[in-house]
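What the coordinates show
This is what each chain is made of:
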Amino acid sequence: MTQTSRRRRFLYSAASFFFRLAVVVILLGGGGWWLLAHPNKPVPSYWNPLRDLKISAPVTPVTKWQLNRALANEAQCRAALAEAGVQFPAMQDLIVDQNCGISGRGLLSQLVTARMEPVETSCTTTLRLAMWENHVVQPAAQDLLGTEITRLRHIGSYNCRPMRTAQGENSGWSSHARADSIDVIGLDTADGRTLTLLADWQRNEPEAAFLRQIWRGACDWFRVVLGPDFNRLHADHFHLQGPGWGYCR
Ligand SMILES: [Zn+2]
């Protein structure tokens, strides 16, 4: 075999390799796009990062991605809540100063299943709370208490105040000053029980186990979660905070 024909053969096999590679890439890429974007949805929406969040859909690795998009877009946030039956009628944004106010404001009175004492809060806090209720609180109530949660008891969300610490007030502003948090003190069950953190956190099974499970599960949907084990300021409530550095105590 001459030098040139050996070279030609090499070039031919290289070209044919790249041609086949290109065909594979186009098929995979095009096929992937078709699977995701096709109107007949061969991929269920909860596995499809291009679709909007649906609160009641099963949780998949794609859910966090869909949730983050809804948290960043008020219209999408409100649409997800409305689709799930969450009662959160819109209110005008509250503008106080650079530390205090509520954007994406509404009056929350009903999650997917549980009712609440009406509370002014933000769409993002409501959306995280609805994900927690639907994917953590209600399943844990079924598993551990054999019932459903009909009411979520709270002590408010918006509060224009500096952060409180066990050492006293410090210079930062509380996430409550922007309604980015909500404080939950207890829950009512469909079979007539009222659980409170104060009375039931240290109590016997299964109520204490239920409270601990929903506290741990809150860390999947809120970035900062503080409970009775954190410090005495939280002996009677869960502090559930959307933005933050990932702290769960
Ligand atoms: Zn709080």
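The structure we're discussing is the one just above.
A brief report on the enclosed structure follows. Note that the coordinates shown come from a computational prediction; the quantities given were computed from them, not determined experimentally.

What about the nonpolar core?
Core analysis: the largest hydrophobic core is formed by 45 residues, its most contacted members being L127, L129, W132, F210, I214 and L240. Elements represented by at least two residues in this core include exactly α2 (63-71), α3 (74-83), β4 (115-122), α4 (123-145), β5 (149-154), β8 (181-189), α6 (207-218) and β11 (238-241). Here this core takes eleven residues from α4, the largest share from any one element. When residues no more than four places from it in sequence are discounted, the contact partners of L127 are L53, I55, L67, A70, L71, C77, A80 and L81.

Quick look at a nonpolar patch on the surface
On the surface, a cluster of nonpolar side chains totalling about 410 Å² of accessible area is made up of F17, F18, L21 and V25. Mapped onto the elements, F18 comes out in helix α1 (residues 3-37).

Let's talk about the coordination of the zinc ion
The zinc ion binds to the protein through H176 (NE2), D183 (OD), D183 (OD) and H239 (ND1), with metal-donor distances spanning 2.0 to 2.7 Å. Considering all four donor atoms around the zinc ion, angles at the metal cover 53 to 159° and the coordination shape is irregular. Sequence positions of the donors to the zinc ion reduce to the motif H-x6-D-x55-H. Of this pair, H176 sits in the loop between β7 (168-173) and β8 while H239 sits in strand β11, placing them 63 residues apart in sequence. Given the relative accessible area of 8%, H239 is considered buried.

What to know about the environment of D236
Relative to the assigned elements, D236 resides in the loop between β10 (224-226) and β11. Sequence spacing of D236 and L198 is 38 residues, and the spatial spacing of their C-alpha atoms is 4.7 Å. Those residues in contact with D236 that lie beyond four places of it in its chain are V184, I185, L197 and L198. A distance of 2.9 Å separates polar atoms of two side chains, one belonging to D236 and the other to H237.

Conventions used here
Residues numbered from 1 in each chain as written. Predicted model: local features only at pLDDT ≥ 70, side-chain atom pairs only at ≥ 80, totals over all residues. Heavy atoms only, no water. Core = buried A, V, L, I, M, F, W, Y, C linked by side-chain atoms within 4.5 Å. Buried < 20%, exposed > 50% of the residue type's maximum accessible area, 1.4 Å probe, protein only. Helix = DSSP H or I, 4+ residues; strand = E, 2+ residues; numbered from the N terminus. Contact = heavy atoms within 4.5 Å. Patch = residues over 30% accessible without salt bridge, like charges linked within 9 Å, V, L, I, M, F, W, Y side chains within 5 Å. Areas by Shrake-Rupley, 256 points an atom, 1.4 Å probe, with all protein chains shown as cover. Salt bridge = Lys/Arg side-chain N within 4 Å of Asp/Glu carboxyl O. Donors = N, O, S within 2.8 Å, 3.2 Å for Na, K, Ca; no water. Tetrahedral: all angles 85-135°; square planar, octahedral: opposite > 155°, others 65-115°. Polar contact = N/O pair within 3.5 Å; in protein donor to acceptor, adjacent residues only side chain to side chain.

Purely geometric numbers; function is a separate question.
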